Amino acid sequence: MRAFTAPSFSRIRLVAVTLVLAASLFLPGQALTAAVWAAADGSSAGSPEASFALADIQRANSGTARSYQGVDYGYRYPQANAQSFVVLVLSNTQAIVYLPAAKAAELGIDITDKSQQQAFLAQLKAADARLGNGGLSLAAMQPDCSFGFEPQVTIGQTVYSFGQEVEPGYYYTTIKATQKPGEDGRTPVAASTATPALFCLSGNLVASGQVAAPRPPSFLEQVQAFFISMDYRPFWVSLRTSLVALLFTFVFGLAAALLTVRSSSRLKAVLDSVFTIPMVLPPTVCGFLLLVAFGNSTAFGRWLLEHNIQLIFSWPAAVLAATVVAFPLMYRTARGAFEALDEDLLDAARSLGWGTWRIFFRLMLPLSWPSVAAGAVLAFARAMGEFGATLFVAGNYAGVTQTIPIAIYFQWMGGHSDVAVFWVFVVVLISFVVILFINWYAAHVQRYRRPLRKKDTNGKVAK
C-alpha cells in the first residue's frame, strides 16, 4: 500500500481558493430586479415603472422620550425635514404611512390608488431590507398600512404627529397619549401611556429621474468590496489567543501527564478525573465556574480586584478559557503516549543513574514526540474553536476578546449572514488543515518505524 504523502502547496492553494469562491456566493450584492431597485446602503430606492422614487431614507429603531425646554412632546423619532414621508410601524400587523400632501400632489401620487400604494411599499421594503440588518423588516412582517396626508392622526388614546419642529431646524415624528380633564375639571392629565413604535422609516419623495439606479456590481467587484470591508480582527484575536493557550496547555499538559503516570493507582484515578473533567463538561459550565472563581464572588477574585488585576472580561480571560477547555486533549494524548513506553527501557535508564528529568527530556519525550505533537495540534484547534467558555468569562469585545466562533454567532444574529458564512469557511479550512497535518505526520513517522523487509532472489518482498 502506498504511503500517505503530503499535499503540494498548489493543491492546498486550490482548496483555499475554492472555499473562498464558494463563500463569496453568499455575498449580498445589490440585488437589483427589473421592477424595484435599492441602493446598497438603503438610502434610496426606485422603480422604472413608478413616477416617483425615495431618497435620503433613514431608519430609527429607537427614539427618545426626553422633554425639550420643559415641554413634553411624548416619544419621538427624528425626521430629515418637515416634508419627509414617514412610515411608523406600530406593531407586526399595523403601520401608519404619512405622505406630505404638497409633495404627493407635485409628483402626481394618488393616495387612494392601490397600485401606487403598492409601488411605494415595494420601494420602501427594498430599502428597509438593507437598513434592517437582519432585524424586523417590512417585508417579513407585512403590516396593514394606513395611508394619509394628515400631519396628525389619533388612534385610540394615542396621537401621532408628523413633521413636528421640536427644536429649531430639527423635525420629529411624535407619539403622545391623549389627555383628559383632571379632577378639578381643567388641568389635563394623560389618559394613557404612549407606547413607542417598533421602528420608524422616513425620507424624501422625489421624481424618479432625480435618483439614478445603481449599476449592478460584477462578481469580482462584490468579492473585492466584501474582503475590503471585512473586519479581520477576530482571526488575529483567535490566533493570538490559541497560540498563548497552546503554550500553557503544552507545559501543564505534559506536567499533568507525567504526574499521573508516576502516581499510585488510587491517586491516578483521582488525578485523571480532575484533569479530564473539562473535556466532558459543557463549555458554558466551564465558563461559569471560571467566572465565579475569578469574579468578586470568591476571596481570590476579590483579592485580584483589590490589587487592580482585572481578569474577567479581558483578553487574559479568553486565554484562560481556551487553556482550560484545550488542556484535556493535550493531557490525555501525552498520558497515553507515556504509558505506551517500555518500562524495561525506563528501568534500564534508572539503573544507569539517570535522574527523573533526564529520563523525561532525553528518553520519554523524544520517544513520545509524535503523539505529543498530535496532541498539541489538537489542543490548538480546540482553543481556536472555543466559544461557550470564552463568551461567558471574556465577553464579546471587538478586537479584544471577539474570537472567530463568537464573531460567527453575533454576525449571524445581527443579520450579517455573509460575514458569518465567511468565518465558518475559515474555521472549516483550519480544521481541515489540522487533521491533514496530523494524518500526514503520523504516516511520516510510521514509515520510518517500519522494519526493513528483505527481498528474495527474484526481487519479491519476503513475507
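The shown structure was predicted, so the numbers you read here are calculated from the model rather than taken from an experiment.

### With respect to the overall build of the protein
The helix and strand tally for the protein stands at 15 helices and 13 strands. Buried residues in the protein amount to 39% of all 463 residues. The contacts in the protein between residues at least 6 apart in sequence include a share of 67% that link residues at least 24 apart. When the accessible surface of the protein is summed, it comes to about 25700 Å², and 61% of that surface belongs to carbon and sulfur atoms.

### Quick word on the packing of aromatic side chains
With the rule as written, the count across this model stands at 26 aromatic pairs. Pairing F85 with F120 gives two aromatic rings, centres 5.3 Å apart and planes at 85 degrees, and the pair type is edge-to-face. Of this pair, F85 sits in strand β5 (residues 85-89) while F120 sits in helix α3 (residues 114-131), and the two are 35 residues apart along the sequence. F85 gets classed as buried once you look at its relative accessible area, which sits at 0%.

### Considerations on the sheet that holds strand β8 (residues 152-155)
Taken in spatial order, the four strands of this open sheet run β4-β10-β9-β8, and their pairing is antiparallel. Lying at the two open borders of the sheet, with one neighbouring strand each, are β4 (75-79) and β8. Geometrically, the sheet is characterised by an average inter-axis angle of 30 degrees between neighbouring strands, direction not taken into account. Where β4 lies against strand β10 (residues 170-177), five bridges are found, and the strand directions are antiparallel. Across the sheet, the residue bridging to P78 is Y172, located in β10.

### A word on the nonpolar core
Of all hydrophobic cores here, the largest spans 28 residues; its most connected members are F85, V87, L99, F120, L124, F147 and L205. At five residues, the largest contribution of residues to this core is made by α3. Ignoring anything within four residues of it in the chain, the contact list for L99 reads F85, I109, I111, F120, F147, G148, F149 and L205. Of all hydrophobic cores here, the second largest spans 27 residues; its members include M330, A334, L346 and I359.

### What about the environment of A337?
Position of A337 relative to the elements: it lies in helix α10 (residues 315-339). Here the alpha-carbon distance between A337 and S371, two residues 34 residues apart in the chain, equals 6.1 Å. With residues near it in sequence (within four places) discarded, A337 still touches S368 and S371.

### What about the packing of helix α11 (residues 343-351) against helix α12 (residues 356-384)?
Two measures define how a pair of helices packs: the angle their axes make with one another and the distance between the axes. Direction vectors running N to C along α11 and α12 enclose 165 degrees, while the axes themselves pass 11 Å from each other. When the interaxial angle is binned, α11 and α12 end up roughly antiparallel. Our pair here, α11 against α12, has a crossing hand that is right-handed. The segment α11 lies against α12, with L345, L346, A349 and R350 engaging I359, L363, M364 and L367. Among the residues forming the contact of α11 with α12, the class breakdown is seven nonpolar, no polar and one charged.

### Section: the packing of helix α6 (residues 233-261) against helix α7 (residues 265-280)
Closest axis-to-axis distance for the α6/α7 pair is 9 Å, and the angle between their directions is 160 degrees. Judged by the inter-axis angle, α6 sits roughly antiparallel to α7. The hand of the α6/α7 crossing is left-handed. In this structure, α6 uses A256, L259, T260 and V261 to contact α7, whose residues at the interface are K268, L271 and F275. When the residues that make up the contact of α6 with α7 are grouped by side-chain class, the tally is five nonpolar, one polar and one charged.

### Here's the deal with the pattern of salt bridges
Under the definition given, this model contains eight salt bridges. Of the charged contacts in the structure, one is a salt bridge between R332 and D272, with a shortest N-O distance of 2.6 Å. Highlighted residues: R332 in helix α10 and D272 in helix α7, separated in sequence by 60 residues. Look at D272 and you get buried, because its relative accessible area is 15%.

### Brief notes about a nonpolar patch on the surface
On the surface, a cluster of nonpolar side chains totalling about 380 Å² of accessible area is made up of V285, F288, L289, V292 and F392. By the element assignment, L289 lies in helix α8 (residues 283-294).

### Brief notes about α7
With 16 residues, α7 ought to run about 22 Å at 1.5 Å a step, and its terminal C-alpha atoms sit 22 Å apart, in line with that. A maximum bend of about 30 degrees is found in α7 at V274, where proline P278 lies one to four positions downstream. Those residues of α7 that sit buried are L271, D272, F275, T276 and P278. Tucked inside the fold, the buried residues of α7 contact α6, α8 and α10.

### Considerations on the side chain of T390
When you line up the elements, T390 lands in helix α13 (residues 388-394). Its relative accessible area of 2% is what places T390 among the buried residues. Once residues lying within four places of it in the same chain are set aside, the contact partners of T390 are A318, A321, G395, T401 and I406.

### So, the confidence of the model for the protein
Detail in the predicted coordinates should be disregarded across regions flagged by low pLDDT. Of the residues in the protein, 85% reach a pLDDT of 70 or more, and the chain-wide mean stands at 83. Confidence drops under pLDDT 50 across residues 1-9; counting only partners more than four residues distant or on other chains, this segment forms 10 contacts.

How each quantity is defined
Within each chain, residues carry numbers counting from 1 in the order of the written sequence. Predicted model: local features are reported for residues with pLDDT of at least 70 only, side-chain atom pairs are reported and counted for 80 or more only, and whole-chain, interface and lining totals are derived from all residues. Remark: hydrogens and water are excluded; side-chain values derive from all non-hydrogen atoms of the structure. Starting at the N terminus, helices and strands are each numbered in turn, a helix being any DSSP run of H or I of at least four residues and a strand any DSSP run of E of at least two. Working definition: with a 1.4 Å probe on protein chains only, accessible area under 20% of the residue-type maximum means buried, over 50% means exposed, and in between means partly exposed. In what follows, residue pairs with any heavy atoms lying within 4.5 Å of each other are defined as contacts. To measure how exposed things are, a 1.4 Å probe is used in the Shrake-Rupley method; for residues, cover is taken only from the protein chains shown. Only rings of Phe, Tyr and Trp enter the pairing, Trp through its six-membered ring, and a pair is recorded when the two centres are within 6.5 Å. The plane angle decides the type: under 30 degrees is stacked, over 60 is edge-to-face, the rest tilted. Whether two strands pair comes down to DSSP finding at least two bridges between them. Axis angles are defined between N-to-C directions and span 0 to 180 degrees, where every axis is a line fitted to C-alpha atoms and, for a helix, only to the segment in contact. Note on terminology: a nonpolar core comprises buried Ala, Val, Leu, Ile, Met, Phe, Trp, Tyr and Cys residues joined through side-chain atoms within 4.5 Å. Roughly parallel here means an angle under 35 degrees, roughly antiparallel means over 145, roughly perpendicular means 65 to 115, and every remaining angle is called oblique. Handedness of a helix crossing follows the sense of rotation of the near helix relative to the far helix, less than a right angle counterclockwise being left-handed and clockwise being right-handed. By the convention adopted, Pro, Cys, Tyr, Trp, Phe, Met, Ile, Leu, Val and Ala count as nonpolar, Lys, Arg, Asp and Glu as charged, and the other residues, Gly among them, as polar. Criterion for a salt bridge: a side-chain nitrogen of Lys or Arg within 4 Å of a carboxyl oxygen of Asp or Glu. Residues form patches when they are more than 30% accessible in relative terms and have no salt bridge. Like charges link within 9 Å. Nonpolar side chains (Val, Leu, Ile, Met, Phe, Trp, Tyr) link within 5 Å. By this rule, a helix spans an expected 1.5 Å times one less than how many residues it contains. Take the seven residues that end at a residue and the seven that start at it, fit an axis to each, and the angle between those axes is the bend at that residue. Per residue, pLDDT captures the predictor's confidence, and it can take any value from 0 to 100.

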